[in-house]
Amino acid sequence: MKDFPIPVRSIGPGSQVEDEVLDYMPMPQGMETFRAPLLPEPEQLAGRHRAHAALRDALAQLEVVCRGGGNRHVDLAGLDADDLALVNQVLGEGEVSAVVHAAGDAALGVQVQEAVFAGVWRVVTTAQGRVVSDIIELGHIPEVLKLAARQDVDPVVPRWQGGLPPNVQNAPALLAEIEDQWRLWRPGQPAHVVNLTLLPMSVEDIGFLDHHLGTGRVLILSRGYGNCRITNTHRPNTWRVVYYNSQDVVILNSVEISELPEVAQAAAEDLEDSLERLKEVLAWVEQA
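Note that the coordinates shown come from a computational prediction; the quantities given were computed from them, not determined experimentally.

Thresholds applied
Residues numbered from 1 in each chain as written. Predicted model: local features only at pLDDT ≥ 70, side-chain atom pairs only at ≥ 80, totals over all residues. Heavy atoms only, no water. Buried < 20%, exposed > 50% of the residue type's maximum accessible area, 1.4 Å probe, protein only. Helix = DSSP H or I, 4+ residues; strand = E, 2+ residues; numbered from the N terminus. Pairing = 2+ DSSP bridges. 1 Å grid on protein atoms, 1.4 Å probe; cavity = no way out; pocket = protein on both sides within 12 Å on 5 of 7 lines; lining within 4 Å. Points joined across faces, edges and corners; volume = space filled by probe spheres on them. Nonpolar A, V, L, I, M, F, W, Y, C, P; charged D, E, K, R; others polar. Domains from an automatic or database assignment. Axes fitted to C-alpha atoms, helices over the stretch in contact; angles between N-to-C directions. Parallel < 35°, antiparallel > 145°, perpendicular 65-115°, else oblique. Left-handed = near helix turned anticlockwise from the far one by under 90°. Contact = heavy atoms within 4.5 Å. pLDDT = per-residue confidence, 0-100. Lys, Arg positive; Asp, Glu negative; His and termini not counted. Salt bridge = Lys/Arg side-chain N within 4 Å of Asp/Glu carboxyl O. Polar contact = N/O pair within 3.5 Å; in protein donor to acceptor, adjacent residues only side chain to side chain.

With that settled, consider the pairing of strand 4 (residues 120–127). A regular strand places its side chains so that they alternate between the two faces of the sheet. Summarising burial for strand 4: seven of the eight residues are buried, a large majority. Of the pairings in the sheet, the one linking strand 3 (residues 109–114) to strand 4 comprises six bridges and is antiparallel in character. Looking across to strand 4, one finds that Val 112 is bridged to Val 123. Once strand 3 ends, the chain turns through five residues before running back antiparallel as strand 4, passing Gly 119 with a positive phi of about 90°. With antiparallel pairing between neighbouring strands as the criterion, strand 4 and strand 5 (residues 130–138) make up a hairpin whose turn holds two residues, including Gln 128 at a positive phi of roughly 55°.

The pairing of strand 7 (residues 218–222) with strand 8 (residues 227–232) spans four bridges and is antiparallel. Within the sheet, the bridge partner assigned to Ser 222 lies in strand 8 and is Cys 228. Inspection of the sheet shows strand 8 paired to strand 9 (residues 238–244) by six bridges, in the antiparallel sense. Bridge pairing in strand 9 links Cys 228 to Tyr 243.

Attention now moves to the layout of surface pockets. If you add up the space inside the second largest pocket, you get close to 240 Å³. In the lining of the second largest pocket, the residues fall into seven nonpolar, five polar and four charged. Among the domains, domain 1 (40–139 + 265–285) and domain 2 (146–262) are the pair contributing at least three residues each to the lining of the second largest pocket.

Running from amino to carboxyl end, helix 2 (residues 49–66) crosses helix 3 (residues 81–91) at an angle of 40°, the nearest separation of the two axes being 8 Å. For the element pair helix 2 / helix 3, the angle class is oblique. Crossing angle aside, the handedness with which helix 2 passes helix 3 is right-handed. Residues His 49, Arg 50, Ala 51, His 52 and Leu 55 of helix 2 form the contact with helix 3, whose own contacting residues are Asp 83, Leu 86, Val 87, Val 90 and Leu 91. Here the residues of the contact of helix 2 with helix 3 sort into six nonpolar, two polar and two charged.

Detailed conclusions should not be drawn from predicted coordinates in areas where pLDDT is low. Considering every residue of the protein chain, the mean pLDDT works out to 86; 82% of them sit at 70 or more. By mean pLDDT, the top-scoring element of the protein chain is strand 1 (residues 72–75) (97), and the lowest-scoring one is helix 1 (residues 42–45) (60). Note that residues 21–31 has pLDDT below 50 and, in this model, 19 contacts with residues that lie over four places away or in other chains.

Within the fold, Glu 256 resides in strand 10 (residues 250–257). This buried residue, Glu 256, is left without a salt bridge; Arg 240 holds the nearest opposite charge, at 10 Å. Among the polar contacts made by the side chain of Glu 256, one reaches the side chain of Ser 258 at a distance of 3.1 Å. Not counting chain neighbours up to four residues away, the residues in contact with Glu 256 comprise Ala 191, His 192, Val 193, Asn 237, Thr 238, Trp 239, Val 241, Pro 261 and Glu 262.

Structure follows, in C-alpha cells:
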C-alpha cells in the first residue's frame, strides 16, 4: 500500500494551538448591600436618653421626608461623647461620602457620611479643625452639596486663543456641546450625560476639557457597585463623573449636566426602605 499523498491534519475544537488569549477588562467584583449596624450591648444603652431622643426625632423627620416634605434636620449639638458614640454606632456608615473643601483658612469645610440607612446623612461642619455644627440630615442628598456647587460657578467662561496644544483635537467641539447643554438645562429636566469613554479623546483632550470646566470644592464618593467619583465644576449644573471597577481601572468617564448626579442620591424607594429598617433598629434600641 502506498502512502497517502496528502498530509493529514487534525481539525476541530482543541486541535489548534492558541497563540493569543482574549484579555477582557476586569469587571466590578463587589456590590455594597445593606448590612445592619453592629448594635451595642443592652448595658451600653442604659441612660443614653438624649441619643434615644435624637434617633426618635430622626425617624419622625424621615417619615416627613417620605411624604414629600423636603429635607429635615436633627441637631446633635447637645449630645455628649457617649451619646454621640451610640448615634454613630446605630447609624453606621453607608456607601456614599462627600466633602466640601474650605475655600480659605477662615472658610467652613463640610464632611458628609451616609448612614447604612440610605437617605440618612451625618453632616459635620468644621472651621480650622473645630466642629461648629453636627447634624443628621434626612433627604435624598444633603442640601449643602448643591449649595456649594452653585457657589463655585464662575460666570467667566475661559476661551482658548491661538493654536491648540499638541494632541488636542476633539475637546473644543465637545466643550461647545457641553456649554450649550448647561445653558439650556433647567431643574426637572433629565440629566444630559456626555460619555467620554465612547469618544475618541486623547489624554490631552481630557486635560484640556477639565481645564476649561474647572474643578470645584465638592467631592462625592459612591461605593455602590465598584467606585464612583463625582466632582463639581465651575460651570452651572455640570459634574465630572468617573466610575472605577474593583481594580481601580476607569470603566466610565463622563460629564453630566444636572443639579446633582442621581448615583449619589437616595431614591424614593430607598427612603421608604430606610424608614422601615430604622423603625426596626430603633425598636430594638428602645427595648434593650
